[in-house]
Amino acid sequence: MKKKKKNPFMIVVIVLFGAYLSLYYLSISGYYEYKEYNKMVLTEEAMKRFENDVKDGKDISIENYISDYKDYSNSVSNFGLKTGESLEKIVDKGLGGIFRVLSKLVTD
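Residues numbered from 1 in each chain as written. Predicted model: local features only at pLDDT ≥ 70, side-chain atom pairs only at ≥ 80, totals over all residues. Heavy atoms only, no water.

Visitor: Please give an account of the confidence of the model for the protein that cites residues and values.
Guide: Taken over all residues, the pLDDT of the protein has a mean of 84, while the share at 70 or more is 91%. Model confidence for the protein, summarised as mean pLDDT per element, is weakest for helix 2 (residues 31-56) at 80 and strongest for helix 3 (residues 75-107) at 91. (pLDDT = per-residue confidence, 0-100. Helix = DSSP H or I, 4+ residues; strand = E, 2+ residues; numbered from the N terminus.)

Structure representation (structure tokens):
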């Protein structure tokens, strides 16, 4: 008895259909609208605080009213960042050396 090979096209279609169903369910349930509503409420509260601070003559700084920063860093992203910075230094030194040698050859 031969074992049937799985068709990669069908697997992709099934995965895409599952993703579609998930997104459709989220849109039906109002998940996106709820998140946007929460952002709007926070913005209105920040505007009220800003207006009150202006009326009271307090020091105004944008950081006091916008708290949208989210830190998504983790060990993998930190490793990628450090690796990228190290590679940047190596490439910078290597290309700098190559161009120094080429400039000496051209000027001599």
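Picking up after the structure, the text goes on.
Visitor: So what's going on with the pattern of salt bridges? Which residues, and what values?
Guide: A full pass over the atoms with the stated rule returns one salt bridge. When the shortest N-O distance is used, the salt bridge between D53 and K58 registers 3.8 Å. (Salt bridge = Lys/Arg side-chain N within 4 Å of Asp/Glu carboxyl O.)

Visitor: Lay out the packing of aromatic side chains in plain terms, naming residues and giving numbers.
Guide: According to the stated counting rule, one finds one aromatic pair in the structure shown. Between Y20 and Y24 the ring centres are 6.2 Å apart and the planes differ by 20°, which places this aromatic pair in the stacked class. Taken together, the residues Y20 and Y24, both in helix 1 (residues 8-29) and four residues apart, mark about one turn of the helix. Taking relative accessible area as the criterion, Y24 reaches 45% and is therefore assigned partly exposed. (Phe/Tyr/Trp six-rings, centres within 6.5 Å; stacked < 30°, edge-to-face > 60°. Buried < 20%, exposed > 50% of the residue type's maximum accessible area, 1.4 Å probe, protein only.)

Visitor: Which residues make up a nonpolar patch on the surface, and what values go with them?
Guide: A contiguous nonpolar surface patch, about 800 Å² in accessible area, is contributed by V91, L95, I98, F99, V101, L102, L105 and V106. As for its placement among the helices and strands, I98 is situated in helix 3. The partly exposed category is assigned to I98, whose relative accessible area is 47%. (Patch = residues over 30% accessible without salt bridge, like charges linked within 9 Å, V, L, I, M, F, W, Y side chains within 5 Å. Areas by Shrake-Rupley, 256 points an atom, 1.4 Å probe, with all protein chains shown as cover.)

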